[in-house]
Amino acid sequence: MVNFKDYLPFTGLLVFGNIENLILASQGAVAHVNPFILGVLSIITVIMWLLIGTYGTKIAIKYADYIEIFGGLAIIILGIQSMLEAL
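Because the structure is predicted, anything quoted here is derived from the model rather than measured. (Residues numbered from 1 in each chain as written. Predicted model: local features only at pLDDT ≥ 70, side-chain atom pairs only at ≥ 80, totals over all residues. Heavy atoms only, no water.)

A. A look at the overall build of the protein. The number of helices and strands found in the protein is three helices and zero strands. In the protein, the order of α-helices and β-strands from amino to carboxyl end is α-α-α. Overall size of the protein, expressed as C-alpha extent along the three principal axes, is 40 × 25 × 15 Å. Burial statistics for the protein: of 87 residues in total, 14% are counted as buried. Long-range contacts, defined as pairs at least 24 residues apart, comprise 88% of the intrachain contacts of the protein with a sequence gap of at least 6. When the accessible area of the protein is evaluated, it comes to approximately 7,100 Å², of which 78% is carbon and sulfur surface. (Helix = DSSP H or I, 4+ residues; strand = E, 2+ residues; numbered from the N terminus. Buried < 20%, exposed > 50% of the residue type's maximum accessible area, 1.4 Å probe, protein only. Contact = heavy atoms within 4.5 Å. Areas by Shrake-Rupley, 256 points an atom, 1.4 Å probe, with all protein chains shown as cover.)

B. Up close: helix α2 (residues 35-60). T54 marks where α2 bends most, by close to 35 degrees. The N-capping residue of α2, defined by a side-chain oxygen 3.0 Å from the backbone nitrogen of F36, is N34. (Bend = angle between axes of the 7 residues up to and from the residue. Polar contact = N/O pair within 3.5 Å; in protein donor to acceptor, adjacent residues only side chain to side chain.)

C. Local environment of the confidence of the model for the protein. The share of residues in the protein with pLDDT of 70 or more is 95%, and the mean pLDDT across the chain is 79. No element of the protein has a lower mean pLDDT than helix α1 (residues 11-30), at 74, and none a higher one than helix α3 (residues 64-86), at 85. (pLDDT = per-residue confidence, 0-100.)

D. Region of the structure containing the layout of surface pockets. A volume near 230 Å³ is recorded for the second largest pocket. Lining the second largest pocket are N21, L22, L24, A25, L38, L41, S42, T45 and V46. For the lining of the second largest pocket, the secondary structure elements donating two or more residues are α1 and α2. The greatest single-element share of the lining of the second largest pocket, amounting to five residues, is contributed by α2. (1 Å grid on protein atoms, 1.4 Å probe; cavity = no way out; pocket = protein on both sides within 12 Å on 5 of 7 lines; lining within 4 Å. Points joined across faces, edges and corners; volume = space filled by probe spheres on them.)

E. Here's a closer look at unusual backbone geometry. One non-glycine residue, H32, lies in positive phi territory at about 60 degrees. Relative to the helices and strands, H32 is located in the loop between α1 and α2. Judged by its relative accessible area of 71%, H32 falls in the exposed class.

Have a look at this one:
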């Protein structure tokens, strides 16, 4: 059984990371990427993140504060990039 308390320090990163995935997927749709290929690549990426998150949490939990900072920074940079490209 999954203990969700292990994932609690990463909650913000999970939420905003998923929002960023939606933004990147919409960029692919606007760029007229083949939706089938985009969907398959998205599913592969989600499965990879699930595996990394499931097995990497026990190792990464001691670095949760640093991961949160760098992950948040990456999400902000990608968000700004997508807004600038939308202009």
